[in-house]
Amino acid sequence: MSLVTGSLKDAPYGYGDIVIFGNGKRMKIDDFQELSQVFLESRVSALAASLSPTSGWRSKAESMKRLLKSPKDEYNLYLREFETRDVRKEKVIEKKLSYNDFVTKRLHVLAEKLTTMVRNLYTHMPTSFVSLQLAKKMMRVISLVQSVDIPVINRLGVSEETAVTKEFLQIGEEVLRETVSFPIFTDHQVIGNFCLKNACLVFCTASSSSRLLTLDQTNVELLVVDEAAQLRECESVIPLQLSSLRDVILIGDEKQLPAMVTSKICEKAEFGRSLFERLVSLKHSTHLLNVQYRMHPMISLFPNQKFYGNKLLNGPNVQENSYEKQFLDGRMFGAYSFIHLAHGKVEYDQTNSRRNMVEVAVIVELLTKLHKESFKKNQKISVGCIAPYKAQVTAIQEKLGNIYQTREAGGDFSVKVGTVDGFQGCEEDVIIISTVTGVGSELIGFLGTRQRANVALTRARHCLWILGNGDTLKYSTPVWKHLVDNAKVRGCYHEADQDECLSRLITKTLVEHCSDETLNRCKGKHHDERNSEVPKIQPKVLEKGSLSNQFAAMSFTKTSVEHSSDETLNSCKGKHHAERNLEVPKIRTKPLEKGSSSNQFVAVSSTKEVGSSSSLSPSGSTKTSGYTCQIL
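Please read all numbers here as calculations on a predicted model, not as lab measurements. (Residues numbered from 1 in each chain as written. Predicted model: local features only at pLDDT ≥ 70, side-chain atom pairs only at ≥ 80, totals over all residues. Heavy atoms only, no water.)

Caption draft 1: Focus on the sheet that holds strand β16 (residues 493-495). Taken together, 6 strands build an open sheet; the order of strands is β13-β12-β14-β15-β9-β16 and the sheet is parallel. Looking at which strands have only one partner, the edges of the open sheet turn out to be β13 (413-419) and β16. Neighbour-to-neighbour, the strand axes of this sheet turn through a mean angle of 20 degrees, independent of strand direction. In the sheet, strand β12 (residues 381-387) pairs with strand β14 (residues 428-434) via 4 bridges, with the strands oriented parallel. When the bridges of β14 are listed, Ile386 appears paired with Ile433. Helix α17 (residues 390-400) rests against β12, β13 and β14 of the sheet, and its axis sits at about 155 degrees to β13. (Pairing = 2+ DSSP bridges. Helix = DSSP H or I, 4+ residues; strand = E, 2+ residues; numbered from the N terminus. Axes fitted to C-alpha atoms, helices over the stretch in contact; angles between N-to-C directions. Contact = heavy atoms within 4.5 Å.)

Set out below in structure tokens:
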């Protein structure tokens, strides 16, 4: 609408040539004031009131003329009606108005209604009915009617016309004459058809365009279909039947998502194929729009290489230094990052949809930090959270609640959470992709398709942060394997544990969402699961000469074990055992010295370097991934 308004020197004159029609709720028309001015239902209501033969603008203009020319006669008419009124039917007893009060009130009411109706005429009527010259006269009428004073009665009882009143009466008479040809409407359906037939620019969905086929005549000569690769071929036929069509332009990207088809039979029959895809397969001539103006070059690099054969060029706007945004501190939160989450487990809901609560927790934490930065720097930031599964979307939304606004609601900080399919055609300042992958999950589902991956990776303007388990993704599909390898080569691959805040958050989340099965395995083979508790170990000073890269024994208090997962155990036993094909070293027991309590044992691990992932606490304990490792 801003483009249209900019092209109209006397806006909103000219809006009558533009119409949007369809399901207003689904299009969220009420959220956009400018769109309501060209929405068909709103236009029909406005014109129905303005063009009514009994209470429309013409009747209000005639009443204003009589009031200005003969105010005394209008007041006498009011008095006669007042005396003959039926008081018994009145809910509120109205007092008789004096002459000045009557004229003032009447003038105010007529001026208000006349202003609204005349403005609706030059806003909503097609320019084929309202010329620019006539529109300017209407604008002048509005200006004059708001400046008219109470008529002054001379000694002869005749109203004395002021300069303003005289000009208003003159121009008002001209407008009345020039609008005699305006249609008189009483039926809303007829008004709607009138607007559609005379519009120059019509926006609607393919299915809604069927209404245009019911009109006797339309002047639509050019059909432009946006997102044509997502439109089923059978739906494309609907607007193509318009008899006045001369040219058709299909705009789309067959490398992104096609139409949604849930039936396997229909999918096998290629029911979801678009006319766009068919024409491409038939080698019909196409024109590539090869300049992208959305993504920072760091973001567009991989999609350009993987999906478009390096044919895309970056627009001048995205190459400017000002386009690079560092919303959060640290290399991990640059323009393009893959954030590896080594821990976390994929869960399934009742509908077999997947979720990963570690990824959910990290997303909520990142949103919290972004919101603080937005408020602190008074910076406008829009964030999109994309997940391939509804269960993950629901989990994120439940954690967020109603804290953040949507972009449509306005505000400096907005968040949109949805599936990949729901984000096609959208863009945000920051996009966070939750791949919903975890330790031991070999498949990544339909996120592995090239088209869905392409959509997810091309929604961000300034920052794209991808969350997931790099090991799982690397062994999933070629697209994600290349993405992980590419991120490592470019120095954009980051371990979430490198961030102290995220590391603590992940540990806390693992504790909260640890399963019973994991707890049982955590307790170890050396203890009877039914009758024994995990023993405690008293700290003991290491003997001189012990190797710094070994730990003699690790104690696991009952609390820490029962709130931890296999992944955390593995990381505690040594970071280098996390590789897919290596087994976690076995723990052998060492007999306790005589006199030791029966509820203690010493576990000696194989020699593995753990110093790099551990830190000594003031008490002498080594903390690793949420466990307390006490040196004996």
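That shown, we press on.
Caption draft 2: Structural detail: empty space enclosed by the protein. For the structure shown, the criterion picks out 2 cavities of 30 Å³ or more. Here the largest cavity is characterised by a volume of approximately 90 Å³. If you go around the largest cavity, the residues you meet are Trp57, Ala61, Lys65, Leu114, Val118, Met138, Val141, Phe168, Leu169, Gly172, Val175 and Leu176. Of all elements in the fold, only α5 (57-69), α7 (99-124), α8 (132-145) and α9 (163-178) reach the threshold of two or more residues within the lining of the largest cavity. It is α9 that provides the largest number of residues to the lining of the largest cavity, a total of 5 residues. Grouping the constituent residues of the lining of the largest cavity by class yields 10 nonpolar, 1 polar and 1 charged. (1 Å grid on protein atoms, 1.4 Å probe; cavity = no way out; pocket = protein on both sides within 12 Å on 5 of 7 lines; lining within 4 Å. Points joined across faces, edges and corners; volume = space filled by probe spheres on them. Nonpolar A, V, L, I, M, F, W, Y, C, P; charged D, E, K, R; others polar.)

Caption draft 3: Seen up close, the pairing of strand β15 (residues 460-468). Taken across its 9 residues, β15 has 9 buried, putting it largely inside the fold. As paired strands, strand β9 (residues 336-340) and β15 are joined by 5 bridges and run parallel to one another. Across the sheet, the residue bridging to Phe338 is Ile466, located in β15. Pairing analysis gives 6 bridges linking β14 to β15, with the strands arranged parallel. Each bridged residue has a counterpart across the sheet, and for Val430 the counterpart in β15 is Cys463. (Buried < 20%, exposed > 50% of the residue type's maximum accessible area, 1.4 Å probe, protein only.)

Caption draft 4: Quick look at helix α10 (residues 188-198). Ile191, Gly192, Phe194, Cys195 and Leu196 are the residues of α10 that are buried. At its buried positions, α10 is contacted by β1 (18-20), α4 (40-50), β4 (201-203) and α11 (210-213). Between a side-chain oxygen at the N-terminus of α10 and the backbone nitrogen of Gln189 the separation is 2.9 Å; the capping residue is Asp187. (Polar contact = N/O pair within 3.5 Å; in protein donor to acceptor, adjacent residues only side chain to side chain.)

Caption draft 5: Spatial organisation of the packing of helix α19 (residues 450-457) against helix α21 (residues 478-489). At a minimum axis separation of 9 Å, α19 and α21 run at an interaxial angle of 40 degrees. Touching Arg450, Ala453 and Leu457 of α19 are Val479, Trp480 and Leu483, all from α21. For the contact of α19 with α21, a count of residues per class yields 5 nonpolar, no polar and 1 charged.

Caption draft 6: Summary view of the nonpolar core. Membership of the largest hydrophobic core comes to 61 residues, with the highest contact counts inside it found for Trp57, Met64, Val130, Met138 and Phe168. Going through the elements one at a time, α4, α5, α6 (71-83), α7, α8, α9, α10 and β5 (222-225) are the ones with two or more residues in this core. Per-element tally for this core: the top contributor is α7, with 11 residues. Setting aside residues no more than four positions away along its own chain, Met64 makes contact with Leu107, Leu110, Ala111, Leu114, Val145 and Phe168. In this structure, Leu367, Ile381, Ile396 and Trp465 belong to the second largest nonpolar core, which totals 38 residues. (Core = buried A, V, L, I, M, F, W, Y, C linked by side-chain atoms within 4.5 Å.)

Caption draft 7: Structural view of the environment of Gly16. Structurally, Gly16 can be placed in the loop between α1 (2-7) and β1. Overall, Gly16 belongs to the buried group, its relative accessible area being 2%. A sequence separation of 22 residues divides Gly16 from Val38, and the C-alpha atoms of the two residues are 7.2 Å apart. If sequence neighbours within four positions are ignored, Gly16 has contacts with Arg43, Thr123, His124, Met125, Pro126 and Ala199.

Caption draft 8: Geometry of α8. With 14 residues, α8 extends 20 Å from end C-alpha to end C-alpha; this agrees with the ideal 20 Å at 1.5 Å per step. Turning to α8, its buried residues number three or more, namely Leu134, Ala135, Lys137, Met138, Val141, Ile142, Leu144 and Val145. Turning to α8, the residues buried within the fold contact α5, α7 and α9. (Expected span 1.5 Å × (residues − 1).)

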